[in-house]
Amino acid sequence: MTAAEAQIAEIVNRETKAWDTQDVDLLVSCFHPAMVWPWPPTPQSHDPMTWVMVWGRFSAERWTRGWQELFDTHALVHNQREIKKIVVSAEGDGAFAVVDIDTLWRHKQTGIEQRWKGRTCKIYSQLGTEWKMVAQTGVLEY
């Protein structure tokens, strides 16, 4: 693994740790200021014509509030993530990671489960000396 690939693996693992510990500050530390996060309504929604944009461009305050609400209202049942592939641009300033995830949340009051299961593509850009996630496809089944 090259140094850049190791840095990408670190940010993927940092994000995983943030979900595992429900550490919203650690989670938002992964995002680039220009991050956007389109989301497919189902894991079978491969056509982006059906995708939604829930929160718009990254705002640390708004996204912190939203993720904290999830953490306050849901219990994490499990969060399994496996990096399948990391690709870094020849210039060393852009990268993506293909990550298979199986994350299950259970609402603390209703018991209703929310599952994120499938493959994501996490896209990174170098910001100064740090890597930050600039975009991610929502979870899709292939």
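A quick note: this is a predicted structure, and the numbers were derived from the prediction, not measured. (Residues numbered from 1 in each chain as written. Predicted model: local features only at pLDDT ≥ 70, side-chain atom pairs only at ≥ 80, totals over all residues. Heavy atoms only, no water.)

A word on the sheet that holds strand β4 (residues 74-88). An order of β1-β7-β6-β5-β4 is seen for the 5 strands of this open sheet, with the pairing classed as mixed. The outermost strands of the open sheet, each flanked by one partner alone, are β1 (31-36) and β4. Taking each pair of neighbouring strands and ignoring which way they run, the sheet shows an average axis angle of 25 degrees. Sheet topology note: the strand β5 (residues 94-107)/strand β6 (residues 113-127) ladder contains 13 bridges and is antiparallel. Residue pairing for β6: L104 is matched across the bridge by R115. Docked against the sheet, helix α1 (residues 3-21) engages β4, β5, β6 and β7 (130-136), running at close to 170 degrees with respect to β4. This element, helix α3 (residues 60-73), spans β1, β4, β5 and β6 of the sheet and lies at about 130 degrees to β4. (Pairing = 2+ DSSP bridges. Helix = DSSP H or I, 4+ residues; strand = E, 2+ residues; numbered from the N terminus. Axes fitted to C-alpha atoms, helices over the stretch in contact; angles between N-to-C directions. Contact = heavy atoms within 4.5 Å.)

Turning to the environment of T73, a few remarks are in order. Relative to the helices and strands, T73 resides in helix α3. Since its relative accessible area comes to 26%, T73 is described here as partly exposed. Considered as a pair, T73 and H107 are 34 residues apart in the sequence and their alpha carbons are 5.9 Å apart. In this structure the side chain of T73 is engaged in a polar contact, spanning 2.8 Å, whose partner is the side chain of H74. (Buried < 20%, exposed > 50% of the residue type's maximum accessible area, 1.4 Å probe, protein only. Polar contact = N/O pair within 3.5 Å; in protein donor to acceptor, adjacent residues only side chain to side chain.)

Mapped onto the fold, E15 is located in helix α1. The class of E15 is buried, set by a relative accessible area of 1%. In terms of polar contacts, E15 uses its side chain to reach the side chain of K122, at 2.8 Å.

The terminal C-alpha atoms of α3 lie 20 Å apart, and with 14 residues this matches the ideal 20 Å at 1.5 Å per residue to within 8%. Those residues of α3 that sit buried are W63, G66, W67, L70 and F71. Projected down its long axis, α3 carries its buried residues within an arc of 140 degrees, all on one side. Of the residues in α3, the exposed ones pointing more than 90 degrees away from the buried face are E61, R65 and E69. On its buried face, α3 is in contact with α1, α2 (24-28), β1, β4, β5 and β6. (Expected span 1.5 Å × (residues − 1). Arc of directions from axis to C-beta.)

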